[in-house]
Amino acid sequence: MSEELICITCPLGCHLTIERRPDNTLGVSGNRCARGVRYACEELLSPKRMVTATVRICRPFQAEAAACGETGLGSVARLPVRTSQAYPKEGVAGLLADIYRLEVTVPVKRGTVLLADYKGSGIDIIAARSLQV
Amino acid sequence: MKEMYFDAVVIGGGAAGMAAAQELDQAGFSCAIIEREEQLGGILTQCIHNGFGLIEFKEELTGPEFAERVEERLQGTTIRIFTATTVMEMETTADPKLLYCYSAQWGILRLSCRLVVLAMGCRERNRGNIRIPGDRPAGVYTAGLAQRLVNIEGYVPGKDIVIIGSGDIGLIMARRMSWVGCKVHAVVEILPYPSGLTRNIVQCLNDFDIPLYLSHLTTNIIGRDRVEGVEITPIENGALMHEKAFTIPCDTVLLSVGLVPENELSKVAGVELNPMTNGPQVDSMLMTNVPGVFACGNVLHVHDLVDYVVEESRRAGASAAQWLKGRRPQHEARLKVGANVRYVAPGRVDLQADNKIYLRSLIVKNDALLEVKVNSRVVKSQKKSHIQPSEMIELHLSPKDLEAAIGAPDPLVEIAIN
Ligand SMILES: Cc1cc2nc3c(=O)[nH]c(=O)nc-3n(C[C@H](O)[C@H](O)[C@H](O)COP(=O)(O)OP(=O)(O)OC[C@H]3O[C@@H](n4cnc5c(N)ncnc54)[C@H](O)[C@@H]3O)c2cc1C
Ligand code: SF4
């Protein structure tokens, strides 16, 4: 019996065919690189997703204006963040809720860890851009 | 009015403009980047999802990270960056060329230069472009505008969403809206296949059980003050099945119906456009019909990967520098679009140099054959395991591949997919 999957590790989107061998291992074909095999195994056994989101930013001198939502149209009001690695799919909703509770004071540097080792997963939430005051 | 001189001026500070400027600077020319927004980075700053940089940086980055990494390469260069400055007009036939800009800092700014690189990116098609009938209520946004509102400005434009068009921006926004707590009820696509990348279908729709209606036309947007729903009509064998039309209630419609290169400025300057790409017609050096005016990135043709944008723009910057040093292509051949090819860019190849060509197919096919003919004789063929219109195809043509064209009067190189 074979299963079809599309590898989503990179934009090439290889069409994978996966055979479940009698010895319980998976045989993968159609991948253009080794990450395709890893993806197929993960997606069938323990699916994970990269999570990207934004968090509220707090500008020390504009706290009052921001509190009333008066940041002005066109200005940067959110800091983009991402997981350092893909996170187990079933936990994404909970992770997002915790990300939305964060607030970051600018300035902030790209790569700053905002939540370390989230729930012991070894995965950090990091800032995806630098922002000046 | 402030006046300044540069050897080269790059219009647009997205990935394309930054990459081209870096090459010009490295070749020793004085160079300026003019960017309308307050910061560099272009469209990337609102694309907070991952999926950028696998080719350029060998790791997967989000849009803002990719932009910052490219911007960091400009540190230590002498490139002059003007942000919050818009190029309004250019005179490109005069020598030096003149650019008139509005700048937040300087007021009117007049730059004179020997060379211009167009890197203005693209803009979204809107409701007017695709003529959806119905009322004109609030709640209809282009997907990219919604992306900017949600990801940068922190506003969520609605709760119950229908997305029209299955382009990548729409798919990415389906996941984004789901992740910020909205309900995405459907993605509606007129074509029988999705126009976005496969992985976005998997990651952005399937993960959230969002239905994708292929071969369906949006026949009405309903609502007086605010959107109340959209009417969707199936298409069967090319005909609208009115009796099978149905309505999906929603308060917000996002349009993801394609991008158009931003060439208003180019047109006024006399730059000829290719009707298939809506971008400038360029030669093997990525130069337009106006001598000394080059183009790269999304203003030239719409790219799906920023990595390709950067690669192309570096090439444009490098050949622009060579042009300033006096290099002109000696032997060029015209590139012709053959069977099943929508477009090729650039429009010419240099018979004595290595050429990189980007093309898009008109068809979805497995085990396709990409064929290059010189004056009707096949000189190169390449197997492609899977092709589709949403994925750009790369092709290299070396002087050896093109040997047959040397000496032929007005040689023609045709690219076809079989
Ligand atoms: C929603 C979306 C999702 C995408 N997803 C991916 C992805 O997952 N992976 C990937 O690799 N690629 C992706 N891309 C593609 C990639 O991001 C773009 O192709 C690339 O960033 C375009 O770069 P550019 O420099 O050509 O254009 P832009 O980034 O649009 O830059 C053009 C710049 O020119 C400026 N400008 C325009 N006119 C003027 C003027 N007259 N004067 C001064 N300045 C001017 C604009 O303000 C803008 O900053 C995505 C694109 C979009 C829109
Ligand atoms: S198999 Fe490799 S090349 Fe193919 S989609 Fe997966 S990661 Fe990309």
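**A short note on the side chain of Gln22(B)**
Now for step 1: Tracing the backbone shows Gln22(B) in helix α1 (residues 15-26).
Now for step 2: Non-local contacts of Gln22(B), meaning those with residues more than four positions away in its chain, are made with Arg73(B), Leu74(B) and Ile79(B).

**As for the domain arrangement of chain B**
Interface size is often expressed as the accessible area that is lost when the parts come together.
Residues and elements named next belong to chain B.
Now for step 1: Each assigned domain of chain B is listed with its residue range as follows: domain 1 (1-124 + 258-328), domain 2 (126-257) and domain 3 (331-418).
Now for step 2: Placing a centre on the C-alpha atoms of domain 2 and another on those of domain 3 gives a separation of 36 Å.
Now for step 3: Contacts between the two partners involve five residues from domain 2, matched on the other side by six residues from domain 3.
Now for step 4: Around 360 Å² of area is buried between domain 2 and domain 3 when both sides are counted, 51% of it from carbon and sulfur atoms.
Now for step 5: Interface area lost by domain 2 to domain 3 is led by Tyr193, Leu197 and Thr198, which between them contribute 77%.
Now for step 6: Across the domain 2-domain 3 interface, the total number found is zero salt bridges.
Now for step 7: The interface formed by domain 2 and domain 3 holds zero residue pairs in polar contact (both at pLDDT 80 or more) in total.

**A short note on empty space enclosed by the protein**
Now for step 1: All told, the structure shown has one cavity of 30 Å³ or more when counted by the stated rule.
Now for step 2: Put simply, the largest cavity is a space of about 40 Å³.
Now for step 3: If you go around the largest cavity, the residues you meet are Arg49(A), Met50(A), Arg175(B), Trp179(B), Gln203(B), Asp207(B) and Phe208(B).

**Structural notes on the interface of chain B and chain A**
Now for step 1: Every contact between the two is made by 33 residues of chain B and, on the other side, 33 residues of chain A.
Now for step 2: In total, about 2,900 Å² of surface goes out of reach between chain B and chain A, with carbon and sulfur atoms giving 53% of it.
Now for step 3: Counting the contacts that link chain B with chain A gives five salt bridges.
Now for step 4: The partner of Arg110(A) in a salt bridge is Glu72(B), and the shortest N-O contact between them spans 2.8 Å.
Now for step 5: For the pair chain B and chain A, the interface holds twelve residue pairs in polar contact (both at pLDDT 80 or more).
Now for step 6: Those elements giving two or more residues to the side of chain B that touches chain A turn out to be β3 (50-52), α2 (63-72), α4 (143-153), α5 (168-179) and α6 (198-205) of chain B.
Now for step 7: Taken together, the residues of the side of chain B that touches chain A break down into eleven nonpolar, eleven polar and eleven charged.

Parameters at a glance
- Residues numbered from 1 in each chain as written.
- Chains lettered and ligands numbered in written order.
- Predicted model: local features only at pLDDT ≥ 70, side-chain atom pairs only at ≥ 80, totals over all residues.
- Heavy atoms only, no water.
- Helix = DSSP H or I, 4+ residues; strand = E, 2+ residues; numbered from the N terminus.
- Contact = heavy atoms within 4.5 Å.
- Domains from an automatic or database assignment.
- Buried area = accessible area lost by both parts, 1.4 Å probe.
- Salt bridge = Lys/Arg side-chain N within 4 Å of Asp/Glu carboxyl O.
- Polar contact = N/O pair within 3.5 Å; in protein donor to acceptor, adjacent residues only side chain to side chain.
- 1 Å grid on protein atoms, 1.4 Å probe; cavity = no way out; pocket = protein on both sides within 12 Å on 5 of 7 lines; lining within 4 Å.
- Points joined across faces, edges and corners; volume = space filled by probe spheres on them.
- Nonpolar A, V, L, I, M, F, W, Y, C, P; charged D, E, K, R; others polar.

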